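For reference, the chains in residue letters:
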Amino acid sequence: ILFINPVVREEDLPRHVPYGIALLASIAMNQGHQVQVFDQNAWRTDPETIDEVLKADSWDVIGLGGITTAYNSIKSIVKQAKVICPESTIILGGGVLTSIPREIMGFLPEVKIGVIGEAFNTLPEILKMIDVKENNWSAIDGIIFRDKENKLIVTKQRELVENLDSLPFPAWELFPLEEIYFKNSQLIFSEEGMTTKRRLDINASFGCSLICRYCYHLGLAGDMSYSSDKNGKEKVVFDEPGSYTRTNRFHSPEYIVKMVKFLREKYNVDFISFLDENLMTMDQYSGRTWIKEICRLWVENGLQPTCIRDKIPHDETCSGVHWAGTSHATLCNQEVLKTMRNAGCSHLIYGYESFSPEVMKSIGKGATPET
Ligand code: SF4
């Protein structure tokens, strides 16, 4: 299988290893599949180089995924792939496909199978089906495919993975860390962020317990369901105001700290950026135990930065792992912020959409100008 990471945020440097692709690559390798990655977002090559990659092997599967703004890149890559590898099965997943599966499959006839929502169990089932040279696609939950008459079929909704700790660590080793990602480690939000030289991202939870009207959770938070359109065709729908559902899931603090320790030992990372939708809402959901325990284990496992341990200014001699994530203005409090700072948290990002009480109320953010 060849995973291709499409270009996203073309105007910026590539700063983030694609977590979903890295995780799926790891899952596929654990199941005995031969996996290669071409990270087009990192390399930003010309189309001729992608041609060479596509010609480099006889790929059974070419897998792509990304958010909606990667569409342009995905579109040109799948067209190239179909010409050069006509026998390969092209699979597309991620937010770009999940949000409007029928439309995207219509726009991209080169894609044979679309993965709707979470792919952790769906992709292995697809790969197994290809391995045994069968095409009973309707038996696999969570996909959209074309039948013999070229009609799009949406299969049953895929159950979410209950125990996140059952997932392996992402396959960071398949990505150009030294060549690209570590060079682009810097984040502008704090001194520690600006001076980091070896940052990686991790994702410690899926979902968010809040219901901001504009927020889209990719179907990973239990807010996606199927319904039928007026012609009886299944389609994906997301929660509307008044009918919110949520499935919040988080990795155990032990799993998270073990992963960071692994990254420290293997790649000498000095900074971890949490990709989670919102660390603070997840902490609230956990009953205010999750972050506290992560921080306790962070210190216990020797990851606390020495500048904080020794109460000295941060400089290039600082050792340990600083970190950052997202927060919520109303849900954070002094106690949790102090605990996080003590474990090396350098900055938290808040979405201040507005300071107008009317706007804040109407978007349902759960914050007021005072908080
Ligand atoms: S707090 Fe953030 S992640 Fe949660 S619903 Fe609101 S915008 Fe979405």
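Residues numbered from 1 in each chain as written. Predicted model: local features only at pLDDT ≥ 70, side-chain atom pairs only at ≥ 80, totals over all residues. Heavy atoms only, no water.

By the naming in an unreviewed UniProt entry, the protein goes by B12-binding domain-containing protein and is assigned to marine metagenome.

A.B. asks: Please clarify how helix 10 (residues 253–267) should be interpreted in this entry.
C.D. replies: Given 3.6 residues per helical turn, the α-helix brings residues three or four places apart onto the same face. Here helix 10 contains 15 residues, and its C-alpha end-to-end distance of 21 Å stays within 8% of the 21 Å for a straight helix at 1.5 Å per residue. Within helix 10, the full set of buried residues consists of Pro 253, Tyr 255, Ile 256, Val 257, Met 259, Val 260, Leu 263 and Tyr 267. Buried-residue contacts for helix 10 involve helix 1 (19–30), helix 8 (177–181), strand 8 (199–202), strand 13 (271–274) and helix 12 (290–300). In the stretch just after helix 10, Asn 268 is the one whose phi turns positive, near 55°. (Helix = DSSP H or I, 4+ residues; strand = E, 2+ residues; numbered from the N terminus. Expected span 1.5 Å × (residues − 1). Buried < 20%, exposed > 50% of the residue type's maximum accessible area, 1.4 Å probe, protein only. Contact = heavy atoms within 4.5 Å.)

A.B. asks: Can you walk me through the site of the ligand in this structure?
C.D. replies: Surrounding the ligand, one finds eight residues, the nearest of these being Cys 208, Leu 210, Cys 212, Tyr 214 and Cys 215. Grouping the constituent residues of the shell around the ligand by class yields five nonpolar, two polar and one charged. (Near = heavy atom within 4 Å. Nonpolar A, V, L, I, M, F, W, Y, C, P; charged D, E, K, R; others polar.)

A.B. asks: How should the packing of helix 3 (residues 47–55) against helix 4 (residues 71–84) be read in this particular structure?
C.D. replies: To describe two helices that pack against each other, one gives the angle between their axes and the distance between the axes. It is at 10 Å that the axes of helix 3 and helix 4 come closest, and there the two elements cross at 45°. Comparing the axis directions of helix 3 and helix 4 gives the class oblique. In this structure, the crossing between helix 3 and helix 4 has a hand that is right-handed. Residues Pro 47, Ile 50, Asp 51, Leu 54 and Lys 55 of helix 3 lie in contact with helix 4, whose contacting residues are Ile 77, Gln 80, Ala 81 and Ile 84. (Axes fitted to C-alpha atoms, helices over the stretch in contact; angles between N-to-C directions. Parallel < 35°, antiparallel > 145°, perpendicular 65-115°, else oblique. Left-handed = near helix turned anticlockwise from the far one by under 90°.)

A.B. asks: For this particular structure, what's the right way to read the pattern of salt bridges?
C.D. replies: When their charged atoms lie close together, side chains carrying opposite charge are able to pair. For the structure on display, the rule yields twelve salt bridges. Across the salt bridge formed by Arg 288 and Asp 283, the nearest N and O atoms sit 3.0 Å from each other. Under the relative-accessibility criterion, Arg 288 is labelled partly exposed at 23%. Each member of the salt-bridge network shares a partner with another, and the members are Glu 293, Arg 296 and Glu 300. (Salt bridge = Lys/Arg side-chain N within 4 Å of Asp/Glu carboxyl O.)

A.B. asks: Looking at this structure, how should I read the environment of Tyr 226?
C.D. replies: Among the secondary structure elements, Tyr 226 is positioned in strand 10 (residues 224–228). Residues Tyr 226 and Thr 155, 71 residues apart in the sequence, show an inter-C-alpha distance of 9.9 Å. With sequence-adjacent residues up to four places away left out, Tyr 226 is seen in contact with Ile 116, Gly 142, Val 154, Thr 155, Lys 156, Gln 157, Lys 235, Val 236 and Val 237.

A.B. asks: Sorry, what's going on with the UniProt feature "domain: B12-binding" (unreviewed entry) in the protein here?
C.D. replies: Mapped onto the present numbering, the UniProt feature "domain: B12-binding" (unreviewed entry) falls on residues 3–137. Helix makes up 45% of residues 3–137 and strand 15%. Its end C-alpha atoms lie 21 Å apart. (UniProt positions renumbered as here; feature names shortened; annotations may be inferred.)

A.B. asks: Just to check I follow, could you spell out the nonpolar core for this structure?
C.D. replies: Generally speaking, nonpolar side chains in soluble globular proteins are found buried as a group. Of all hydrophobic cores here, the largest spans 73 residues; its most connected members are Trp 172, Ile 202, Ile 272, Trp 298, Trp 323 and Met 340. The biggest single contributor to this core is helix 1, with eight residues. For Ile 272, the residues in contact, after removing those within four places along its chain, are Leu 200, Ile 202, Val 260, Leu 263, Trp 298, Val 321, His 322, Trp 323 and Ala 324. Counting residues in each nonpolar core, the second largest holds 30 residues, with Leu 92, Leu 97, Met 105 and Leu 108 among its members. (Core = buried A, V, L, I, M, F, W, Y, C linked by side-chain atoms within 4.5 Å.)

A.B. asks: Is there a simple way to explain the sheet that holds strand 8 in this structure?
C.D. replies: Hydrogen bonding along the main chain pairs the strands of a sheet, whether they run parallel or antiparallel. Spatial strand order, 8-13-14-15: four strands in an open sheet with parallel pairing. What marks the edges here is a single partner per strand, and that holds for strand 8 and strand 15 (345–349). Each strand of the sheet is rotated relative to its neighbour by a mean of 20°, with strand direction disregarded. Relative to strand 14 (residues 322–326), strand 13 is paired through three bridges, and the arrangement is parallel. (Pairing = 2+ DSSP bridges.)

A.B. asks: I tried to follow the sheet that holds strand 6 (residues 143–146) on my own but got confused; where do I start?
C.D. replies: In space, the seven strands of this open sheet follow the order 2-1-3-4-5-6-7, with mixed pairing throughout. The two strands at the open ends of the sheet, each matched to only one other strand, are strand 2 (36–39) and strand 7 (152–154). Within the sheet, the average angular offset between the axes of one strand and its neighbour, ignoring direction, is 20°. The sheet contact formed by strand 5 (residues 113–115) and strand 6 spans three bridges and is antiparallel. Directly across from Ile 113, in strand 6, lies its bridge partner Phe 145. The strands that helix 1 touches are strand 1 (2–5) and strand 3 (61–65); relative to strand 1, the one it contacts most, it runs at about 170°.

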